[in-house]
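If you want the building blocks of each chain, they are given just below.
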Amino acid sequence: MVFIKKIDLYILKRFFTLFVMTFLIVIFILLMQFLWKHFADLVGKGIGWDVLAEFFLYAAMTLVPLALPLALLLASLMTFGNLGENFELTAMKSAGISLFRIIRPLIISVSLIVIAAFFFSDNVLPKSQRNMYTLLFSIKHKSPELDVPVGEFYSGINGVNLYVRSKEKGLLKDLMIYDFSNGFNNATVIVADSGRIQITGDKKYLLLTLMNGESFENLREQKMSGSNHIPYRRETFARKEVLYDFDSDFNRYDKSLLQDRHVSKNIKELSHSIDSVKLIIEERSASQVQEMLQYRYFSGGVSWEILSEPDKNIDIKKYNSDSLFLKLGKSEMELAVNQAKERAKSMLEKIEYNKIMLGEPQMYINQHSSEWHKKFALSFACLIFFFIGAPLGAIIRKGGFGFPVVISVLMFVIYYIIDLTGYKMARENIWEAYQGMWLSSAILLPIGVFLTYKAAIDATLFSPETYVKMINTIKTKIFGVFKTRIGK
């Protein structure tokens, strides 16, 4: 039975301590960035803490595939940077332990993390994304919490702008209401000295009680034909009650709203959707080709059946359009040209229609194919980032949160830009889905192999003395060449 060595336990403890810490920090930073992006949708809605906590949980789970590669990169870089800075890595190598033996327990552990990340992105992530976007959509469509400001227009009521000059113990003073619920041309303007506002018991309506005011309403729909005057109605009141729609309850939308979106499907569902839509595209393409050939190109007296059989002896000159056109009279030529222009216009419209009919399902396939490859590519990126961070930390021999954080953020930004570029290329059908989604891995993998090789041979890749020596060697060779030529 093979037991885990003490050196393996020591390295695993150092690595996982940093990994958990960096993972939580990265999740927190990404979550803050995500919440800042949706800050306007969350503030002022009167959402309960239970709903916000649920939203934060789903948001954090959707950020795991993005945070995991960065956390692995940073943790491996800091682990081996600390080992190199404290000369522990040098002591291990001097004892005859190779770099690959040192990182062997981490390779096994990271491989298990990669497998777990794949199953997470295939089973947990789709449900989290569906729940999060459904909850976000519900929050966006909730009416804002009733809080009428002073000295500015309040537009939290649908179709209504309310202005209040001052407040005094719940009493609104000097009100002005612009009601555009019936359209901008049929606006109603109400002014009042004071008023009170309250929500009805069922929380579906807003009751506005106004005192001492006037209302003006355009009656454009009652305008008499032939008259340029638009009638209006003016009303003076001592007390008036106005009822507006204002649903203040939080209504959850059904989760099935996003069940056909690519972000809410696992690999099996994505593959089934891709195959189904491919059949639709093939049927539509075949139907469009047949329709074009039979009713557009060969609809002028020459049947498609005759021209599609090359074995028959057909006199092509008999169907030459130029010779037939020149035999026509002037009026007939004009008629033929006009007919050709109309047919060309009709053909263009038909092509644009066919483009739309094929473009939408193709976009659907692009999104689903990209999501299918993304589940594999993100997991593989975790492994690549480990083989970048571990040898890089062994080479630079700098621990802590200084230089490793700078290097990690720089590498992750490069990865994110490349990955985003590949995704957009795949989504717009410029590249194949696998080309776009595996672009970042294809670029970073050689970097990881190169750094691992350099760390294995103890190369001083980031030592300033190495580059100074290399520059001096190049200078010496260049001066030697010039001296030789001058001597000749």
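Residues numbered from 1 in each chain as written. Predicted model: local features only at pLDDT ≥ 70, side-chain atom pairs only at ≥ 80, totals over all residues. Heavy atoms only, no water.

A. A look at a nonpolar patch on the surface. A surface patch of nonpolar side chains, amounting to about 450 Å² of accessible area, comprises M21, I25, F28, I29 and M32. The class of M21 is partly exposed, set by a relative accessible area of 33%. (Patch = residues over 30% accessible without salt bridge, like charges linked within 9 Å, V, L, I, M, F, W, Y side chains within 5 Å. Areas by Shrake-Rupley, 256 points an atom, 1.4 Å probe, with all protein chains shown as cover. Salt bridge = Lys/Arg side-chain N within 4 Å of Asp/Glu carboxyl O. Buried < 20%, exposed > 50% of the residue type's maximum accessible area, 1.4 Å probe, protein only.)

B. Spotlight on the packing of helix α3 (residues 49–62) against helix α6 (residues 99–140). Packing of α3 against α6 leaves a shortest axis separation of 8 Å and a crossing angle of 140°. On the basis of their axis angle, the class for α3 and α6 is oblique. Crossing angle aside, the handedness with which α3 passes α6 is left-handed. Contacts from V51, E54, F55, Y58, A59, M61 and T62 of α3 reach α6 at F120, V124, L125, S128, Q129, N131, M132, L135, L136 and I139. When its residues are assigned to classes, the contact of α3 with α6 shows 12 nonpolar, four polar and one charged. (Axes fitted to C-alpha atoms, helices over the stretch in contact; angles between N-to-C directions. Helix = DSSP H or I, 4+ residues; strand = E, 2+ residues; numbered from the N terminus. Parallel < 35°, antiparallel > 145°, perpendicular 65-115°, else oblique. Left-handed = near helix turned anticlockwise from the far one by under 90°. Contact = heavy atoms within 4.5 Å. Nonpolar A, V, L, I, M, F, W, Y, C, P; charged D, E, K, R; others polar.)

C. Quick look at helix α10 (residues 330–396). Taking 1.5 Å per residue as the helical rise, α10 with its 67 residues ought to reach 99 Å, whereas the 86 Å between its terminal C-alpha atoms falls clearly short. Bending of α10 peaks at approximately 30° at the position of K374. Phi turns positive, to about 55°, at R397, one or two residues after α10. (Expected span 1.5 Å × (residues − 1). Bend = angle between axes of the 7 residues up to and from the residue.)

D. Region of the structure containing the pairing of strand β3 (residues 171–179). Where strand β2 (residues 160–168) lies against β3, eight bridges are found, and the strand directions are antiparallel. Bridge pairing in β3 places V164 opposite L175. (Pairing = 2+ DSSP bridges.)

E. Molecular detail of the packing of aromatic side chains. A complete count under the given rule lists 15 aromatic pairs for this structure. Judged by centre distance (5.3 Å) and plane angle (85°), the rings of F15 and F16 are edge-to-face. For the ring pair F118 and F119, a centre distance of 5.6 Å and an interplane angle of 75° mean the geometry is edge-to-face. Put simply, the rings of F15, F16, F19, F23, F386 and F387 touch in pairs and so form one group of aromatic residues. In this structure, K240 is placed above the aromatic ring of F237, and the distance from its NZ or CZ to the ring centre is 6.0 Å. (Phe/Tyr/Trp six-rings, centres within 6.5 Å; stacked < 30°, edge-to-face > 60°. Lys NZ or Arg CZ within 6 Å of the ring centre and 35° of its normal.)

F. Region of interest: the pattern of salt bridges. Applying the stated criterion to the full structure yields six salt bridges. A salt bridge links E235 to K240; the nearest nitrogen and oxygen atoms lie 3.4 Å apart. Judged by its relative accessible area of 33%, E235 is partly exposed. One salt bridge connects R427 with E428, and the closest N-O pair in it is separated by 3.5 Å.

G. Representation of the environment of A116 in the model. Mapped onto the elements, A116 comes out in helix α6. Take A116: its relative accessible area is 46%, and that puts it in the partly exposed class. Distance in space between the C-alpha atoms of A116 and S379 is 8.7 Å, their sequence separation being 263 residues.

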